[in-house]
Amino acid sequence: MSTPARKRLMRDFKRLQQDPPAGISGAPYDNNIMLWNAVIFGPDDTPWDGGTFKLTLQFTEDYPNKPPTVRFISRMFHPNIYADGSICLDILQNQWSPIYDVAAILTSIQSLLCDPNPNSPANSEAARLFSENKREYNRKVREIVEQSWTAD
Amino acid sequence: MQQQSAIQAEEAEKIPFVGDKEPLSSLAAEYKAGGSPVLLEKIKILSEQYAAIRRTRGDGNCFFRSFMFAYLEHILESQDRAEVDRVRANVEECRRTLQKLGYPEFTFEDFFALFLEQLESVIQGSEASISDEELVKRSRDQSVSDYVVMFFRFVTSGEIRKRSEFFEPFILGLTSASVEQFCKSAVEPMGEESDHVHITALSDALGVPIRVVYLDRSSCDNGSVSVNHHDFTPVAGNNNSGGSEAVNPFITLLYRPGHYDILYPK
């Protein structure tokens, strides 16, 4: 059945195919428009450069009035990403608005990678290193980048 | 944060998005036990001019929800086809505004379509026409009600961004945010409360005057009590407002710090 959420997600998909922002890709999983797989490529000239990070986006029938649940499948080391891969990002929580589509969500997460918000740490170790020991932080990020090539 | 929103959600569930029309005496009843004498005095003054109140849920969308119901109910009762045509032209202008601002059409078109559908349904004589009862029902149905609220948020945000130079000083008076940040964080997300900036922008964009009656503890220095109100009058020349003659708002909202409900004049 075609519900408002499903119709909207078809349009999100069409936009992502026709006009894909640099460094992200995403598509519905098999024939399930409510569950998406996505990949974010680590931005060039940053410690994240070369990483391919996998995510899932789970939508409900409340979309686009409610945000999807977005989680990294790849292991991450980032001040705003929890151990289970869930992401602490305002637009995925209380600052959500239907003006965001899948492309906008993924673009926002991509910019969060290099621009963490140390004030709301989900990973306190990553937050501490980010502000106190950037060298060690960058080394840990490079490790994660390398792991992203081998993990499935 | 999550706990806070859970508590809010629980509290909000106790009142439907849009309540039943209640006699104004129910407002006084709220303050009977230990209410401030100033408030009781003001409610007495209100009851001379207003007959009833319709409460809305305190979920941060109460201004937009009150406006939605009051506007559609006005059209349903007045069957003012000229007003519908006028507002429809302004809605199309809002659509062009959002397009020019670079919003992808597919992110807002469903919200526009749903509002126009509601507008059409309150005018009698078509197959889709609805009763007052059905309007209440739809306003309590999240899949309709939240879409219309979001439609107003789009319209409000578009108007503020379009006239950002005009709105900027007022926004700076509320927060230290830029116009862009303000729209992204205080207008476009559901559940963000409305202030005079939102009301001005919505009233201007749609060309609909709004009266807001203030019920708070303020009183004059000499101890006399009066009830203040402010009329938000659409700026002349902006869109298709009904001209520059003194307009009598057909939408009256009651503001108590942090919340809006609908008032019905006698």
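Not measured: the values here are computed from a predicted model.

**Q** Please give an account of the overall build of chain A that cites residues and values.
**A** For chain A, the count of helices and strands is four helices and four strands. The secondary structure elements of chain A, listed N-terminal to C-terminal, are α-β-β-β-β-α-α-α. Its C-alpha atoms give chain A a radius of gyration of 16 Å, near enough to 15 Å, the size a compact globule of 152 residues would have. By principal-axis analysis of the C-alpha atoms, chain A measures approximately 50 × 30 × 25 Å. The 152 residues of chain A split such that 46% are buried.

**Q** Now, about the interface of chain A and chain B: what can you tell me, with residues and values included?
**A** With 17 residues of chain A at the interface, the matching set in chain B holds 19 residues. Looking at the side of chain A facing chain B, the largest losses of area belong to R11(A), N65(A) and I99(A), adding up to 38% of the total buried there. Our enumeration of links across chain A and chain B arrives at two salt bridges. Taking the shortest distance from any N to any O, the salt bridge between E109(B) and R11(A) comes out at 2.4 Å. Applying the counting rule to chain A against chain B returns five residue pairs in polar contact (both at pLDDT 80 or more).

**Q** Go over helix α1 (residues 4-18) of chain A, please, and point to the residues and values.
**A** Residue pairs three or four apart in sequence face the same way in an α-helix, which turns once every 3.6 residues. With 15 residues, α1(A) should cover 21 Å at 1.5 Å per step; its first-to-last C-alpha distance of 21 Å lies within 8% of that length. For α1(A), every residue scored as buried is listed here: A5(A), R8(A), L9(A), D12(A), F13(A) and L16(A). Along the axis of α1(A), the buried residues cluster in a sector spanning 145°; they form a single face. Facing away from the buried side of α1(A) by more than 90 degrees, the exposed set consists of Q17(A) and Q18(A). Those residues of α1(A) hidden inside the fold are in contact with β1 (24-29), β2 (32-41) and α2 (102-114) of chain A together with α6 (105-121) of chain B.

**Q** Can you lay out the environment of F232(B) for me, pointing to particular residues and giving the numbers?
**A** Residues and elements named next belong to chain B. Along the chain, F232 falls in strand β4 (residues 229-232). You can call F232 buried: its relative accessible area is 6%. Each C-alpha atom of the pair F232 and V247 lies 9.9 Å from the other, and the pair is 15 residues apart in sequence. Not counting residues within four places of it along the chain, the set of residues in contact with F232 comprises H196, I199, T200, S203, V208, P209, I210, V212 and Y214.

**Q** Describe the pattern of salt bridges, and please don't skip the residues or the numbers.
**A** Residues and elements named next belong to chain B. Tallying each qualifying case throughout the model produces 32 salt bridges over all chains. A salt bridge links E30 to R55; the shortest N-O distance between them is 2.3 Å. One end of the pair, E30, is in helix α2 (residues 25-31); the other, R55, is in strand β2 (residues 50-56), with 25 residues separating them in the sequence. Residue R55 is classed as buried on the basis of its relative accessible area of 14%. Across the pair E30 and R256 runs a salt bridge whose closest N-O atoms are separated by 3.0 Å. Residue E30 is found in helix α2, and its partner R256 is found in strand β5 (residues 252-256); the two are separated by 226 residues along the sequence.

Thresholds, definitions, all that
- Along each chain, the written sequence defines residue order, and numbers are assigned to residues from 1.
- Chain letters and ligand numbers both follow the written order, the letters beginning at A and the numbers at 1.
- Selection of residues for local features in this predicted model requires a pLDDT of at least 70, selection of side-chain atom pairs for listing and counting requires 80 or more, and totals for whole chains, interfaces and linings are taken over all residues.
- Hydrogens and water molecules were not included; the side-chain quantities draw on all heavy atoms of the structure.
- Only DSSP runs of H or I reaching four residues or more are called helices, and only runs of E reaching two or more are called strands; each is numbered from the N terminus.
- A radius of gyration in this sense is built from C-alpha atoms; the matching globule rule multiplies 2.2 Å by the number of residues raised to 0.38.
- The buried label applies to any residue whose accessible area, calculated with a 1.4 Å probe on protein chains only, is under 20% of its type's maximum; exposed applies above 50%, and partly exposed to all values in between.
- Here a residue-residue contact requires only that any non-hydrogen atoms of the pair lie within 4.5 Å.
- Each of two parts loses accessible area, computed with a 1.4 Å probe, when they are put together; buried area is these two losses added.
- The salt bridge criterion pairs a side-chain nitrogen of Lys or Arg with a carboxyl oxygen of Asp or Glu, the two atoms within 4 Å.
- Each polar contact in these results corresponds to two N or O atoms within 3.5 Å; when the atoms are within protein, one needs to be able to donate a hydrogen and the other to accept it, and residues that are neighboring in sequence are counted only if both atoms are side-chain atoms.
- Here, expected helix span is obtained from the residue count minus one, scaled by 1.5 Å.
- By arc we mean the arc of the directions from the helix axis to the C-beta atoms, nothing more.

These results come straight from atomic positions and should not be treated as a statement about function.
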